[in-house]
Amino acid sequence: MLYVPILQASNRPRADPDWASYTLGVFICLSCSGIHRNIPQVSKVKSVRLDAWEEAQVEFMASHGNDAARDAYESKVPPFYYRPTSSDCQLLREQWIRAKYERLEFTHPEKQEPYSAGYREGSLWKRGRDNGQFLSRKFVLTEREGSLKYFNRNDAKEPKAVMKIEHLNATFQPAKIGHPHGLQITYLKDNSTRNIFVYHEDGKEIVDWFNALRAARFHYLQVAFPGASDADLVPKLSRNYLKEGYMEKTGPKQTEGFRKRWFTMDDRRLMYFKDPLDAFARGEVFIGSRESGYTVLDGLPPSTQGHHWPHGITIVTPERRFLLACETESEQRAWMEAFRKVVDRPMLPQEYAVEAHFKHKP
């Protein structure tokens, strides 16, 4: 028995993780090592520094490595399939590892049918808009019609809602929804944002739904932008929110008291809700670029009154100023950073049309 030497060759990833699967020949981080332990029939894990290693295991690691595993196990990953990072939720990372090593989905394309067929039908637990109860609802995704629909009953002829793929987004929100498989689906209804919150007890099922939605978005965008490369389209398939959390706000006259609201920064839309799980936003603010007259200021005007939280932010738009307050300085800094990223980014042609709609809202 011996301890594995620190391998310097290219078969070790740059992050220098302290764990390895000695049956797959890959180095992994602490977080992923726990997932690998749950599939012992495929992957057996040891600590690089703390566990004893047999010479044959060391030689196996030296002759394999992460690059070789990537070539072997990721040879046929569809461009739309979400590749999780270390900051993603446990579910996405677990299902990626299981899809790659346990189910071999990316070496046998026929196993990708649940999310690549262009049609998907099944039941998801959906949160009721008014009572907050999760009830089973039938969902149908059809690329041919460019929509995701859900029905209140399995035998219902008409859908309760039709969500156009063109304006749809999905992002995992386990903490907000209170379920490890919680998915937030957002779409536009009358050009205002509508949220629905769903989950499935089976982790593979909900991740297959997520990737089916990304596939539908990918194929829609391929038609809408025929000259675009996969690399151009993939970042547009789904997006995580830039920032979420509570802030205080006051009304347009800036004479009303400040009220605590849940804010979500989704690309250039700043939305606020009374409750994080509300279906509709109480209001939306478009945040354009600096060149178009938008800016973000640290603090509030000296005459401002009525806010309980001390760390202010002023958003300046061509029409008016929005006054916000954060509970802590660290929250203020995080929001300022998110806002400035948006303001510093030049606007795209289609974003001017969105801005024009906001200006003409009643």
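How each quantity is defined
Residues numbered from 1 in each chain as written. Predicted model: local features only at pLDDT ≥ 70, side-chain atom pairs only at ≥ 80, totals over all residues. Heavy atoms only, no water. Pairing = 2+ DSSP bridges. Helix = DSSP H or I, 4+ residues; strand = E, 2+ residues; numbered from the N terminus. Axes fitted to C-alpha atoms, helices over the stretch in contact; angles between N-to-C directions. Contact = heavy atoms within 4.5 Å. UniProt positions renumbered as here; feature names shortened; annotations may be inferred. 1 Å grid on protein atoms, 1.4 Å probe; cavity = no way out; pocket = protein on both sides within 12 Å on 5 of 7 lines; lining within 4 Å. Points joined across faces, edges and corners; volume = space filled by probe spheres on them. Nonpolar A, V, L, I, M, F, W, Y, C, P; charged D, E, K, R; others polar.

Here the focus is the sheet that holds strand S11 (residues 243-249). Judged by pairing direction, the sheet is antiparallel, and its 7 strands sit side by side in the order S14-S13-S12-S11-S17-S16-S15 without closing on themselves. One side of each edge strand has no neighbouring strand; the edge strands of this open sheet are strand S14 (283-286) and strand S15 (295-298). Strand-to-strand twist across the sheet, computed as the mean angle between neighbouring axes with direction ignored, equals 35°. With 7 bridges joining them, S11 and strand S12 (residues 259-266) adopt antiparallel strand pairing. The partner of Met-247 across the bridge, within S12, is Arg-261. Lying over the sheet, helix H9 (residues 329-343) contacts S11, S12, strand S13 (269-273), S15, strand S16 (311-316) and strand S17 (321-326), oriented at roughly 110° with respect to S11. The strands touched by helix H10 (residues 349-359) are S13 and S14; relative to S14, the strand with the most contacts, the crossing angle is about 135°.

So, on to the UniProt feature "domain: PH" (unreviewed entry) in the chain. Mapped onto the present numbering, the UniProt feature "domain: PH" (unreviewed entry) falls on residues 117-218 and 240-344. In residues 117-218, helix accounts for 20% and strand for 45%; the two terminal C-alpha atoms are 13 Å from one another. In residues 240-344, helix accounts for 14% and strand for 38%; the two terminal C-alpha atoms are 19 Å from one another.

Before going further, it helps to examine the layout of surface pockets. When its volume is computed, the largest pocket comes out at roughly 980 Å³. Taken together, the elements giving at least two residues each to the lining of the largest pocket come down to strand S9 (183-189), helix H7 (203-224) and H10. With 4 residues, the top contributor of residues to the lining of the largest pocket is H7. Its residues assigned to classes, the lining of the largest pocket shows 11 nonpolar, 6 polar and 10 charged.

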